[in-house]
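# Structural overview
What follows is the residue order along each chain.
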Amino acid sequence: MTPNPLLPDLTVRVRSEAHSRTSACPCGATVTLADRPDATVVRHAGTVAKAHAPDLTPTELTPRLTAAAHLPGLFLSPLDATPADLHGRLVSFWPYGTPVDPDDPDAAPWEAAADLLARLHRTPAPAPLPAMRGPVKAALAMSRLRTGAADGPATGAVLRAWATLPPWARAEAPQPDRSTLCHGDLHLGQLVRHPAPDGPWRLIDVDDLGVGVAAWDLGRPAAWYACGLLPPEEWHRFLAAYRAAGGPVVPADGDPWPTLDVPARALTVQTAARAITKALAEGRALDEVEQALIDACDRMGSVPPELVHEPAK
């Protein structure tokens, strides 16, 4: 089998990019931060290169990079808003930022994440942008599940839960909001401090950035809270901070779930579908967290579609 040249050649490119930007590069090893089918990310000194998903086109990525460059108080700014091409993959270059420490959950920056989202949702799109890609990614996860998973109780529960969602959440119809700026794939791994190591928090990963239903950005923490995987105090910290920062997605007080219900359900289904696919690929049983997601899908599948809340428009 011919080795994939993407990773070694991306390593060469990031070294070259780092050296072109400073005459005093501290050098050292080039580190692979991620190497997945949908993204390969490498770092050399203070420069990061990302090879984006194979199906992402310049028409889709370039306006997202441009938007990030125009929102430096919210996003980490790309070093160049025009992506390069490497082996048919689009490549963008970024300054390095310090990520959230996964081994220190007590230091999770829920307030910073909520503040950034609230400000993002209140900000007019700086240029025409494609639709936020959250529902498309959920639909892709379901497509992979149908292709690779055998029939069974877990797969059946996820498929039934998926069927309860409205068409827009399954990427089968336009989103009811086509103007609000939103991240599209918010979780704590999408925050970094820049300048490293302890500058202000900024959002990263613009691949799903666009206009659409901004409640999707609150959907993952809402889903984890609803599934019992995020402690109530952390969820309430996040929600209170979003409200305090004037976030427009939920009311200033009262019940937020009529707005968050559909995105939370959709992201529960997406995450459960990925869990099954991953477990099958690794030849193992579902772990405790993954089973909690399946159990939530099983409960969701018993709710008639007409009773699932739609987000406010």
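Preceding this section is the structure that the text describes.
### Let's talk about the overall build of the protein chain
Per the secondary structure count, the protein chain includes 9 helices and 10 strands. Relative to its length of 313 residues, the protein chain is compact, with a C-alpha radius of gyration of 20 Å against a globular reference of 20 Å. Each principal axis of the C-alpha distribution contributes one length, and for the protein chain these read about 60 × 50 × 40 Å. Across the 313 residues of the protein chain, 49% fall into the buried class.

### Points about the layout of surface pockets
The calculated volume of the largest pocket comes to roughly 1,600 Å³. Around the largest pocket, the lining comprises 42 residues; the ones closest to its centre are R36, D38, A39, K50 and D205. For the lining of the largest pocket, the secondary structure elements donating two or more residues are β1 (31–36), β2 (39–44), β3 (47–51), β5 (89–95), α4 (134–148) and α8 (257–281). By residue number, the principal contributor to the lining of the largest pocket is α8, which donates 5 residues. When the residues that make up the lining of the largest pocket are grouped by side-chain class, the tally is 20 nonpolar, 8 polar and 14 charged. Computed from the structure, the second largest pocket encloses a volume of approximately 390 Å³. Around the second largest pocket sit 18 residues that line it, and W110, L188, W224, L230 and E234 are the ones nearest its centre. Partitioning the lining of the second largest pocket into residue classes produces 12 nonpolar, 2 polar and 4 charged.

### Quick word on the packing of helix α6 (residues 216–226) against helix α7 (residues 232–244)
Running from amino to carboxyl end, α6 crosses α7 at an angle of 150°, the nearest separation of the two axes being 9 Å. Comparing their axes, α7 and α6 come out roughly antiparallel. The interaxial crossing formed by α6 with α7 has left-handed handedness. Residues L218, P221, A222 and Y225 of α6 lie in contact with α7, whose contacting residues are P232, W235, H236, F238 and Y242. Partitioning the contact of α6 with α7 into residue classes produces 8 nonpolar, 1 polar and no charged.

### Considerations on the sheet that holds β5
One open sheet accounts for 5 strands, arranged β1-β2-β3-β5-β4; its pairing is antiparallel. The open sheet has two free edges, formed respectively by β1 and β4 (84–86), since each of these has just one partner strand. When the angles between neighbouring strand axes are averaged without regard to direction, this sheet yields 25°. One ladder, built from 5 bridges, connects β1 with β2; its direction is antiparallel. Looking at the pairing, V31 lines up with R43 of β2. Together, β1, β2, β3, β4 and β5 form the strand contacts of helix α1 (residues 6–21), whose direction differs from that of β2 by roughly 40°.

### Points about the pattern of salt bridges
On inspection of all chains with the given rule, the structure shows 15 salt bridges. A salt bridge links D205 to K50; the shortest N-O distance between them is 3.2 Å. Taken as a pair, D205 in the loop between β9 (201–203) and β10 (210–211) and K50 in strand β3 lie far apart in primary sequence, 155 residues in all. Judged by its relative accessible area of 12%, K50 is buried. One salt bridge connects R284 with E282, and the closest N-O pair in it is separated by 2.6 Å. Residue class for R284 comes out partly exposed when judged on its relative accessible area of 31%. Three or more residues are tied together by salt bridges with common partners; here these are R133, K137, D185, D208 and R220.

### Some points on a negative patch on the surface
A cluster of acidic side chains, namely D101, D103, D104 and D106, defines a negative patch on the protein surface. Here D104 is to be found in the loop between β6 (98–99) and α3 (110–122).

### Structural notes on α1
Along an α-helix, residues three or four positions apart point the same way, because every turn accommodates 3.6 residues. Here α1 contains 16 residues, and its C-alpha end-to-end distance of 22 Å stays within 8% of the 22 Å for a straight helix at 1.5 Å per residue. All buried positions along α1 are accounted for by L6, L10, V14, E17 and A18. For α1, the buried positions fall inside an angular range of 95° around the axis, keeping them on one side. α1 presents V12 and S20 as exposed residues on the side facing more than 90 degrees away from its buried surface. Of the surrounding elements, those touching the buried residues of α1 are β2, β3, β4 and β5.

Cut-off values and rules
- Residues numbered from 1 in each chain as written.
- Predicted model: local features only at pLDDT ≥ 70, side-chain atom pairs only at ≥ 80, totals over all residues.
- Heavy atoms only, no water.
- Helix = DSSP H or I, 4+ residues; strand = E, 2+ residues; numbered from the N terminus.
- Rg over C-alpha atoms; globule rule 2.2 N^0.38 Å.
- Buried < 20%, exposed > 50% of the residue type's maximum accessible area, 1.4 Å probe, protein only.
- 1 Å grid on protein atoms, 1.4 Å probe; cavity = no way out; pocket = protein on both sides within 12 Å on 5 of 7 lines; lining within 4 Å.
- Points joined across faces, edges and corners; volume = space filled by probe spheres on them.
- Nonpolar A, V, L, I, M, F, W, Y, C, P; charged D, E, K, R; others polar.
- Axes fitted to C-alpha atoms, helices over the stretch in contact; angles between N-to-C directions.
- Parallel < 35°, antiparallel > 145°, perpendicular 65-115°, else oblique.
- Left-handed = near helix turned anticlockwise from the far one by under 90°.
- Contact = heavy atoms within 4.5 Å.
- Pairing = 2+ DSSP bridges.
- Salt bridge = Lys/Arg side-chain N within 4 Å of Asp/Glu carboxyl O.
- Patch = residues over 30% accessible without salt bridge, like charges linked within 9 Å, V, L, I, M, F, W, Y side chains within 5 Å.
- Areas by Shrake-Rupley, 256 points an atom, 1.4 Å probe, with all protein chains shown as cover.
- Lys, Arg positive; Asp, Glu negative; His and termini not counted.
- Charge placed at Lys NZ, Arg CZ, Asp CG, Glu CD.
- Expected span 1.5 Å × (residues − 1).
- Arc of directions from axis to C-beta.

Any link to function would need more than the numbers given here.
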